[in-house]
Amino acid sequence: EGCVGLKTGSTSVAKYCVSAVAQRGEMTLLAVVMGAPDAKVRFKDAAALLDYGFGKCNLYLDENRKNPDPVPIKGGVKEEVACRYTGEFRYLDTEGKNLSQIEKKIVYMKNLQAPVKKGEKAGIQEYYQNGKRIGTLDILYAETVEKARYRDWAGRVAKAFLL
């Protein structure tokens, strides 16, 4: 069920072989069978391997659709800078653990100071399962913020004084 592709092959030495790929939901698995005694056995074994994998494995998917909050930045023309995730985070559990217990922690670089450029690394989001780190995802600056100059500081002071 869910087979999206396969490649067969056979020789007198290697016997019957197959590489099969199947997808169910968001999870895609690959099964490789080598040295099967006949063509029917290779397909049966590949199907059994894929069924076992889909039954045993769980996929955690964090799509990160909402960007992280802006972070304060020192010495910039702006006081904070917008950030974004580099994409989605995926973790394949092969032990049958409860993936609803995964915790996330954002860690920004220390002493965030201007200038910063769009696309530079601002920090990471760490993923933990039962206290063990299982992966990270980069957090990037979503905009460029130049270093503040004298006239920028003077403008801030004047604005604060007038309000």
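Please refer to the structure higher up on the page.
All of the points below concern the structure found in this document.

How each quantity is defined
Residues numbered from 1 in each chain as written. Predicted model: local features only at pLDDT ≥ 70, side-chain atom pairs only at ≥ 80, totals over all residues. Heavy atoms only, no water. Helix = DSSP H or I, 4+ residues; strand = E, 2+ residues; numbered from the N terminus. Rg over C-alpha atoms; globule rule 2.2 N^0.38 Å. Buried < 20%, exposed > 50% of the residue type's maximum accessible area, 1.4 Å probe, protein only. Contact = heavy atoms within 4.5 Å. Pairing = 2+ DSSP bridges. Axes fitted to C-alpha atoms, helices over the stretch in contact; angles between N-to-C directions.

Let's talk about the overall build of the chain
Part 1 of the reasoning: When helices and strands are tallied, the chain shows two helices and 11 strands.
Part 2 of the reasoning: Starting at the N terminus and walking to the C terminus, you meet the elements of the chain as β-β-β-α-β-β-β-β-β-β-β-β-α.
Part 3 of the reasoning: Computed over the C-alpha atoms, the radius of gyration of the chain is 25 Å, more than 25% above the 15 Å expected from 2.2 N^0.38 for a compact globule of 163 residues.
Part 4 of the reasoning: With respect to the principal axes defined by its C-alpha atoms, the chain has extents near 85 × 30 × 25 Å.
Part 5 of the reasoning: By residue count, 29% of the 163 residues in the chain fall in the buried class.
Part 6 of the reasoning: When contacts within the chain are restricted to residue pairs at least 6 apart in sequence, those whose partners lie at least 24 apart make up 54%.

Description of the sheet that holds strand 9 (residues 103–108)
Hydrogen bonding along the main chain pairs the strands of a sheet, whether they run parallel or antiparallel.
Part 1 of the reasoning: Taken in spatial order, the four strands line up as 7-11-10-9 in an open sheet, and their pairing is antiparallel. Bordering the open sheet on either side are strand 7 (83–85) and strand 9, each of which pairs with just one other strand. The average angle at which neighbouring strand axes cross in this sheet is 30 degrees, direction not considered.
Part 2 of the reasoning: In terms of strand pairing, strand 10 (residues 121–129) meets strand 11 (residues 132–141) through eight bridges, oriented antiparallel. Within the sheet, the bridge partner assigned to Q129 lies in strand 11 and is K132.

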